Amino acid sequence: MKNFEFKNPTKILFGKGQIEKIKSEIPADAKVLMLYGGGSIKKNGIYEQVNTALANHEVVEFGGIPANPEYAVLMKALKVIKEEKITYLLAVGGGSVIDGTKFLSAAALYKGDEPWDILTNNIPTLKGMPFGTVLTLPATGSEMNSGAVITRKETKEKLAMGGVGLFPVFSVLDPQVIRSIPHRQLANGIADAFTHVLEQYLTYPAEAYLQDRFAESILQTLIEVAPKLLEDPSDHAAASNFMWSCTMALNGLIQQGVPSDWAVHAMGHELTALYGIDHARTLAVIAPSHYKFNLESKKEKLAQYGERIWNITEGSTKEKAMAAIERTETFFNKLGIDTKLSQYTNDYNGTAELISKRFTERGWLGLGEHQNLKPKDVETIVKMAY
Ligand code: NZQ
Ligand code: ZN
């Protein structure tokens, strides 16, 4: 196991009816900007619950943050923050609203002229404007981590940012919010959280027995609850376990002391930037070819994953590893998620070369847990995913 330092300061308020507690989590004298997305919260009662809880706070609203939070929209929210002298942000939404709020938390205190530089120049945010979240869609883990991914349509870019200043002060996880989530977004959430675990687990053995079992338990829980949740999103046991699994998959815990990969996400983000494909679906497209391409360096962990998660007991290490990749693809397909790029766009020719060129231009010359995946390898992997 590698050395590590671990601190996660986000307070979690988990369970039924917890939204009302935000009134005592946000300072009474704060001027709050409540941020939300395209309006789902106005149809499922979450908006009313938040407003009731904040009846005695001074609150300004900003709605309309789109899926894959868009820089141009967020810049309008930044203007509101400055004009209204906002002191506290509250994200009410899924990963997109929370990530957008993290960007605003950083941009509100940023001294430079152009906040986009935070993303292009990888400027870590050490201190941001304080913010809390009310999670409405389990998937990304953004409610308990310090990362965000922001899109800029104008340049077809989707870039990551983060820093210790971007942990939410608190996050409300009420599994009842899941009842109104459409099937497609539920499937996305399961696939995204599943892949978050794979990115931190399918590397090479690092004598981290506990981290491996943490990772495996999250995968097993997601596999167990997936059919129940898709059948009946009001199943409280399935919803609770799904929600907590998504948070635990990317709150830093399982990645302590172990190598991590994240190449699937790096390639996937490009597919969203280029074609607008849902984040989770890009991962399901890239993951199988990424693991096949890297079979040799990942075979031990792939075989362990096959044995412990999919009960694959027959064959050599390599055969088990290949069977595990196939089972993963079948799992995504069973969620209703296609795993080939050509199932999302007819316009895929040249995608692999374009992504490889973008990585070279950004100086990303070594991806993966060994930092040895070259842009040329990325090109091959993306082509395998056509
Ligand atoms: O906008 P509204 O109307 O609220 O509708 C949303 C949106 O259309 C809807 N929705 C959310 N909660 C709902 C609901 N509909 C009904 N009932 C509810 N309770 O779902 C749609 C998708 O929402 P979005 O927030 O975009 O989904 P998700 O949570 O999957 O977030 C995806 C974004 O997070 C980034 C992705 O790249 C993508 O931009 N990620 C962030 C990460 C992080 N910060 O750690 C890690 C991830 O790997 C990921 O990259
Ligand atoms: Zn993800």
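The structure under discussion appears in the preceding block.
Residues numbered from 1 in each chain as written. Chains lettered and ligands numbered in written order. Predicted model: local features only at pLDDT ≥ 70, side-chain atom pairs only at ≥ 80, totals over all residues. Heavy atoms only, no water.

Thoughts on the coordination of the zinc ion (ligand 2)
And step 1. Donor atoms from the polypeptide that coordinate the zinc ion (ligand 2) comprise D192 (OD), H196 (NE2), H265 (NE2) and H279 (NE2), at 2.0 to 2.1 Å from the metal.
And step 2. Between the donor residues of the zinc ion (ligand 2), the gaps in sequence give the motif D-x3-H-x68-H-x13-H. Of this pair, D192 and H196 both sit in helix α7 (residues 183-201), 4 residues apart, which is roughly one turn of the helix. By the burial criterion, D192 is buried, and H196 matches it. (Donors = N, O, S within 2.8 Å, 3.2 Å for Na, K, Ca; no water. Helix = DSSP H or I, 4+ residues; strand = E, 2+ residues; numbered from the N terminus. Buried < 20%, exposed > 50% of the residue type's maximum accessible area, 1.4 Å probe, protein only.)

Considering helix α8 (residues 209-231)
And step 1. For α8, built from 23 residues, the straight-helix expectation of 33 Å at 1.5 Å per residue is met to within 8% by its first-to-last C-alpha distance of 34 Å.
And step 2. When the local axis directions of α8 are compared, the greatest deviation, roughly 35°, occurs at V225, which is followed within four positions by the proline P227.
And step 3. Regarding α8, the residues found buried are Q211, D212, A215, E216, I218, L219, L222, V225, A226, L229 and L230.
And step 4. Summarising the contacts, the buried residues of α8 are in contact with α7, α9 (236-249), α12 (295-310) and α13 (317-334). (Expected span 1.5 Å × (residues − 1). Bend = angle between axes of the 7 residues up to and from the residue. Contact = heavy atoms within 4.5 Å.)

Digging into the site of ligand 1
And step 1. Every one of the 33 residues lining ligand 1 counts as a neighbour, but G38, S40, G95, S96 and H196 are closest to it.
And step 2. Within the side chain of D99, an N or O atom sits 2.8 Å from a nitrogen atom of ligand 1.
And step 3. Residue H196 places a side-chain N or O atom 2.8 Å away from an oxygen atom belonging to ligand 1.
And step 4. Out of a free accessible area of 970 Å², ligand 1 has 87% covered by protein chains. (Near = heavy atom within 4 Å. Polar contact = N/O pair within 3.5 Å; in protein donor to acceptor, adjacent residues only side chain to side chain. Areas by Shrake-Rupley, 256 points an atom, 1.4 Å probe, with all protein chains shown as cover.)

Focus on helix α15 (residues 375-384)
And step 1. Among all positions of α15, only P375, V378, E379, I381 and V382 are buried. All buried residues of α15 lie within an arc of 165° about the axis, which places them on one face of the element.
And step 2. As for α15, its buried residues are in contact with α10 (263-275), α11 (279-293) and α14 (351-361). (Arc of directions from axis to C-beta.)

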